[in-house]
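Listed here are the chains, written in short residue letters.
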Amino acid sequence: MSLYIITEPEYEETLWATRLYTLINELKLKRIQYNRIKKISDIRKREPSVVIAVGSSYGWTSAIIKECNEAHIPVIISSSKFGTVTEGSYSCVSSDWQDVAMTLNRYLSCYNKSKIALYGVNHNSDADLNLVEVFYSLIHFQPQDIPYVFENEGSLADCYERLKKDLPHYDAIICVNDYVALYLIDRLKQEDEKALERLFIISFNNFILSQIHSPSVTSFSEDGESVAKALIGIYQLLLKSIDFTSVHVQIRQKLHIRQSTQYRPLPEDIKLQPEDGEPIPFSHITGKKDYFESGEITQYNRLESMLEHCDKLDIFILLKLLHSHSYESIANDVFASVGTVKYRLRKMMQQSAAASRTDLMDLLRTHVNEKNLQDYYQTLRDMDTAF
């Protein structure tokens, strides 16, 4: 039975495509043959096949499931939540959002954070809408006379202005992703540092920039390798028996606790169940544009794109440049040529779209905490030692 992988075109150009690349690496490690296709009709006829579909939008995922069902081809989707697509037969690997709700409830309740806002919701994102469902299970105790879901309607600046009006009412803000959290934190650093000290800010994705930002961001993330292994495991089950018609695997998300929640630990011994919330009023989530259309997150995207490609030598060079070390000094420290140091710097400038070395250093000084960057460098060194 042949394996085919199809991806949503827009998905491959985003940082969320890590899930796809991890899957491909895992297939190569297991020496499983696969074919990349752009449309279901590319599959050779009369050949038993399985399709793994990787994307993020409801419309694209629904269309792929429908095409595969019509062609009698088993399909496995990588989705933010099982059941998002209500029609058709499919297998699925998704995040365990019930576990996320329980973790949030346990964490926020322990520190008496009961006035919660959900910030930056993008109507075009399935993950955001699933997070809305989680959120509604947490806010049964909130007053109804103030807004608590803030949609991003194409401008994070406008979204922030709406939140700012009621900011004193909240003691915790859940951001739909790290870019939204980084923007919120940077605005608060400029305008209301006391609020930044008072609030718990929690996000999703656990980008590298979130780990080294000033302050660093408490963030949920799923393990990409676990997702890849689950997708491959379902494929192997389907190979063994035609009796497996649909398999669903949920992946737990881990909460990485950092400065945006004052490093307060997660109380593992407190078991609180989220109460059932009211039905989700999806009609109230009326965002019109994808926030990627906004230039407000460009600087974060530039830095994250660069950091995703940096090894420990690149990070070491950045640390030295932040202290204005010369190329010659850095080259001596790393036992490399000056040309190698300059080449790596040019590469990082291209990846971050920095116009100059000064531009790149300004970008880092604005958003990166040097100690956090040093800790990240040590983590990369430790990983090399482990292997």
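Our subject is the structure that appears above.
Okay, so let's go over this structure.

What counts, and where the lines are drawn
Residues numbered from 1 in each chain as written. Predicted model: local features only at pLDDT ≥ 70, side-chain atom pairs only at ≥ 80, totals over all residues. Heavy atoms only, no water. Helix = DSSP H or I, 4+ residues; strand = E, 2+ residues; numbered from the N terminus. Core = buried A, V, L, I, M, F, W, Y, C linked by side-chain atoms within 4.5 Å. Buried < 20%, exposed > 50% of the residue type's maximum accessible area, 1.4 Å probe, protein only. Contact = heavy atoms within 4.5 Å. Pairing = 2+ DSSP bridges. Axes fitted to C-alpha atoms, helices over the stretch in contact; angles between N-to-C directions. Phe/Tyr/Trp six-rings, centres within 6.5 Å; stacked < 30°, edge-to-face > 60°.

**Examining unusual backbone geometry**
Here is step 1 of the chain: Residue Pro-215 is reached from Ser-214 by a cis peptide bond, and omega for that bond is 0°.
Here is step 2 of the chain: Here Pro-215 lies in the loop between helix 8 (208-212) and strand 10 (218-222).
Here is step 3 of the chain: At Asn-206, a position not held by glycine, the phi torsion is positive, near 55°.
Here is step 4 of the chain: A positive phi angle, close to 60°, is found at Ala-353, a residue other than glycine.
Here is step 5 of the chain: Considering the arrangement of structural elements, one finds Ala-353 in the loop between helix 13 (338-352) and helix 14 (357-367).

**Some remarks on the nonpolar core**
Here is step 1 of the chain: Ranked by internal contacts, the top residues of the largest apolar core, which has 85 residues, are Tyr-119, Ile-315 and Leu-360.
Here is step 2 of the chain: The dominant element in this core, judged by the number of residues it contributes, is helix 6 (residues 178-191), at eight residues.
Here is step 3 of the chain: In this view, Leu-360 contacts Met-306, Leu-318, Leu-345, Met-348, Met-349, Ser-352 and Ala-354; residues no more than four positions away in its chain are not counted.
Here is step 4 of the chain: Grouped together as the second largest cluster of nonpolar side chains are 22 residues, Ile-5, Leu-23, Ile-32 and Val-93 included.

**Topic: the sheet that holds strand 10**
Here is step 1 of the chain: Spatially, 7-6-8-9-10-12 is the arrangement adopted by the six strands of the open sheet, whose pairing is mixed. The sheet is open, and its two borders are formed by strand 7 (149-151) and strand 12 (253-256), each paired with just one other strand. Direction aside, neighbouring strands of the sheet carry axes that sit 20° apart on average.
Here is step 2 of the chain: As defined by bridge partners, strand 10 adjoins strand 12 across four bridges and the pair is classed as antiparallel. Looking at strand 12, one finds that Ser-219 is bridged to His-256.
Here is step 3 of the chain: Packing of helix 4 (residues 126-136) onto the sheet brings it into contact with strand 6 (116-121), strand 7, strand 8 (172-175) and strand 9 (200-204), and relative to strand 6 it is tilted by some 170°.

**Digging into the packing of aromatic side chains**
Here is step 1 of the chain: Tallied over the entire structure, the rule returns eleven aromatic pairs.
Here is step 2 of the chain: Summarising the aromatic geometry, the rings of Trp-97 and Phe-204 are spaced 5.8 Å apart at their centres and angled 45° between planes, so their arrangement reads as tilted. With Trp-97 in helix 3 (residues 97-110) and Phe-204 in strand 9, this residue pair connects regions lying 107 residues apart in the sequence. For the pair formed by Trp-97 and Phe-204, the shared burial category is buried.
Here is step 3 of the chain: When the ring of Tyr-136 is compared with that of Tyr-148, the centres are 6.1 Å apart and the planes differ by 70°; the resulting orientation is edge-to-face. Residue Tyr-136 is found in helix 4, and its partner Tyr-148 is found in the loop between helix 4 and strand 7; the two are separated by twelve residues along the sequence.
Here is step 4 of the chain: Judged by its relative accessible area of 10%, Tyr-136 is buried.
Here is step 5 of the chain: Tyr-148 gets classed as buried once you look at its relative accessible area, which sits at 13%.
Here is step 6 of the chain: Aromatic ring contacts, followed pair by pair, group Trp-97, Phe-204 and Phe-220 into a single cluster.

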